[in-house]
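Analysis of the macromolecular model
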Amino acid sequence: MRGYANPIQYMLEVAEIPYEFKRYPCTLEAVEWKEDKFNLGLNFPNIPYIIDGDVRLTESLAIMRYIGRKANMVGTTEEEMRLADESGYKALDLRSELTRVLYTDWTESGKAEFLNPETRLGLPGFLKLFDKFLEKKKYLAGEHITFADFLLYESLMWCEMLLPDSTDGYPNVTALRERIHNLPAMQKLRKSEKFVSWPITTPDAQGGHRKEDLRKEIP
Ligand SMILES: N[C@@H](CCC(=O)N[C@@H](CS)C(=O)NCC(=O)O)C(=O)O
């Protein structure tokens, strides 16, 4: 499944950092994860995790910032770092809300609520803010790509796949999504067996796992 791991993989690919990707069978009952969970020396056992020499880390944003510091993808100036953090945490809010809807409210009314511009944590509200934030900028932090871009990109892709056209009408957001999507490393990854496009969620989710939820395939 894509879950929270894909944007971490994107960063590793774009930064050309070699890695071994361990994917677990897509169910929480999987014995493989049960066996590993408390035996890997993780402080807060969870998926995704990263093991890099002595470093053992969970929490997807912490992992992305860790890779970002290694790969110069956390911003190159104090201002860029601030903007990357700010927009990265905002992108995390969007992903959390999307995850909540997918796991607990993937109904017609739940989706309508998520797509309603008046909803406090609805998609249009996020997109409006991100579109303005991206004005005259190449990436969220400015000139340089950061972890925040990969995080937002992934949620935008989920939206496109599950709720096609839901991100239309926000040209700066669309341009960012296309820019990340078309990075040579991203194109190469999508053509390789290392890339998992579907499902987005685990089988216990209400949405994002069954084939009929995939409304648009994106090459
Ligand atoms: N806050 C964590 C959440 C991670 C999470 O929810 N992981 C899900 C899959 S995407 C899981 O199944 N974790 C395994 C477990 O809880 O044992 C993060 O951002 O990495």
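An unreviewed UniProt entry lists the chain under the name glutathione transferase, with Cyprideis torosa given as the organism. In UniProt, the chain has this text filed under Function (unreviewed entry): "Conjugation of reduced glutathione to a wide number of exogenous and endogenous hydrophobic electrophiles." In UniProt, the chain has this text filed under Catalytic activity (unreviewed entry): "RX + glutathione = an S-substituted glutathione + a halide anion + H(+)".

Okay, the pattern of salt bridges next. Any two side chains of opposite charge can pair if their charged atoms end up close together. Taken as a whole, this structure holds 12 salt bridges when the rule is applied. We note a salt bridge from Glu 78 to Arg 82, for which the minimum N-O separation is 3.6 Å. Residue Glu 78 and its partner Arg 82 are located together in helix H4 (residues 78–104), separated by 4 residues, close to a single helical turn. When its relative accessible area of 47% is taken as the criterion, Arg 82 is described as partly exposed. With a closest N to O distance of 3.5 Å, Glu 108 and Lys 111 form a salt bridge. Of this pair, Glu 108 and Lys 111 are both found in helix H5 (residues 108–115), 3 residues apart, which corresponds to roughly one turn of the helix. Relative accessible area serves as the criterion here: at 17%, Lys 111 is assigned to the buried category. Bridged by salt links that share partners, the residues Glu 160, Arg 177, Glu 178 and Lys 216 form one connected network.

What counts, and where the lines are drawn
- Residues take numbers from 1 onward in each chain, read along the sequence in its written order.
- Local features in a predicted model are, by the rule used here, given only for residues with pLDDT of at least 70; side-chain atom pairs are given and counted only at 80 or more, and totals for whole chains, interfaces and linings are based on all residues.
- Hydrogens are left out, water is left out, and the side-chain values use all remaining heavy atoms of the structure.
- UniProt positions are given in the numbering used here, feature names are shortened, and annotations may be inferred rather than shown by experiment.
- Basic side-chain nitrogens of Lys or Arg form a salt bridge, by our definition, when they fall within 4 Å of a carboxyl oxygen of Asp or Glu.
- Counting from the N terminus, the helices are DSSP H or I runs at least four residues long and the strands are E runs at least two residues long.
- Burial classification: accessible surface area is computed with a 1.4 Å probe over protein chains only, and a residue below 20% of its type maximum counts as buried, one above 50% as exposed, and the rest as partly exposed.

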